[in-house]
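# Survey of secondary and tertiary structure
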Amino acid sequence: MRTVFLFLLVAFQALAFGSACEETRKKRDLLVRTKRRWVLSTIELEEEMTVNYPYFISKMYNDKIQDKDFRFEITGEAVTEGYLTINETTGDVFVLKSVDREKYDCFHVIFNVYDTDTNQKIDKELAFDVEVKDINDNPPRFIDFPQTFTVSESQVEGFLGVQVVAQDIDEKNTKNSTFNITVIKQTPPEPKIQAKWIDERTVHLNFTGCFDYEKVKDYKITLEAKDHGTPPLSSTAVISLNVRDTNTHMPEFKEKEVSFAFIYIFVGFVKFLRCH
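Criteria and thresholds
- Residues numbered from 1 in each chain as written.
- Predicted model: local features only at pLDDT ≥ 70, side-chain atom pairs only at ≥ 80, totals over all residues.
- Heavy atoms only, no water.
- UniProt positions renumbered as here; feature names shortened; annotations may be inferred.
- Pairing = 2+ DSSP bridges.
- Helix = DSSP H or I, 4+ residues; strand = E, 2+ residues; numbered from the N terminus.
- Axes fitted to C-alpha atoms, helices over the stretch in contact; angles between N-to-C directions.
- Salt bridge = Lys/Arg side-chain N within 4 Å of Asp/Glu carboxyl O.
- Buried < 20%, exposed > 50% of the residue type's maximum accessible area, 1.4 Å probe, protein only.

Looking at an unreviewed UniProt entry, one finds the protein named Cadherin 26, tandem duplicate 1 and attributed to Oryzias sinensis. Per UniProt, the protein has the following entry under Subcellular location (unreviewed entry): "Cell membrane".

Let us now look at the sheet that holds strand 15 (residues 234-244). What the 4 strands build is an open sheet, ordered 9-15-14-11; its pairing is mixed. Pairing within the sheet leaves two strands with one partner each, and these edge strands are strand 9 (148-152) and strand 11 (179-187). Across the sheet, the axes of successive neighbouring strands diverge by a mean angle of 30°, strand direction being ignored. Both strand 14 (residues 218-227) and strand 15 contribute to a ladder of 9 bridges, which runs antiparallel. Looking at strand 15, one finds that Ile-221 is bridged to Ile-239.

Attention now moves to the pattern of salt bridges. All told, the structure shown has 6 salt bridges when counted by the stated rule. Residue Lys-59 is joined to Asp-92 by a salt bridge in which the shortest nitrogen-to-oxygen separation is 3.1 Å. Within this pair, whereas Lys-59 is found in strand 2 (residues 55-59), its partner Asp-92 is found in strand 5 (residues 92-95), the two being separated by 33 residues in sequence. The class of Lys-59 is partly exposed, set by a relative accessible area of 43%.

The buried count for strand 13 (residues 202-208) comes to 5 of 7 residues, which makes it a mostly enclosed element. Summarising the sheet, strand 10 (residues 158-167) and strand 13 pair through 6 bridges and their orientation is antiparallel. Considered in strand 13, the bridge of Gln-163 is made with His-204. By the bridge criterion, 6 bridges tie strand 12 (residues 192-197) to strand 13 in an arrangement that is antiparallel. Note on strand 13: the bridge partner recorded for Lys-196 is His-204. Where strand 12 folds back onto strand 13 in an antiparallel hairpin, the turn is made up of 4 residues.

Dropping the structure here:
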């Protein structure tokens, strides 16, 4: 009985092992067939390339075309917009003109092969992607800031009350779209005004010191947004800051004004006595 049990146990393990091997072989064969039938992958294309067009970028192939009259075909937005074409016989794929990544960051392209005698598809329809690689071709730009702003001369130092927003439309989360905003010029230079970061696009203008309307009534503040790309690109914005007068000084009388005021009061008092 023990011998029969061991025999069944070994047989069961062998069957399980064989089943696992068969599953692995099926997956491997499927992968091989897929690789043999199509040669497809994501194609990288740099934006705004300065090359001679048409420019070769890849080659399509299918092994079912052997001993058949065939033609390759690609379709999709990249084709209808005049960016990509394919040689129907060789499968060579060409880009026809430069691509602006800020307009098209990726093309999804449908790839087919047809029997030229029957005009029927020789194989299943598949697709590939053309990913447009970013270059630093856009400076950060100011999109929200006050061109003119008024501040009270009694404003407590700290937040000036000015918020500035900029953006860079190059690829997100890269050096090309990461930037700093700084005050590069201020006229006159005091009190000192600086940019304080709130988030990746926004700064508040802060100042240290105080404003004095009697000394300076208006300021010019020049801001710069500069990215971290190669080469770095930048833009500027200018804010006009006006200082509003407040009642911060006690009234002062000049000596002559005091004398005339005293005489006027004295004469008025004399008239009052005469009338009474």
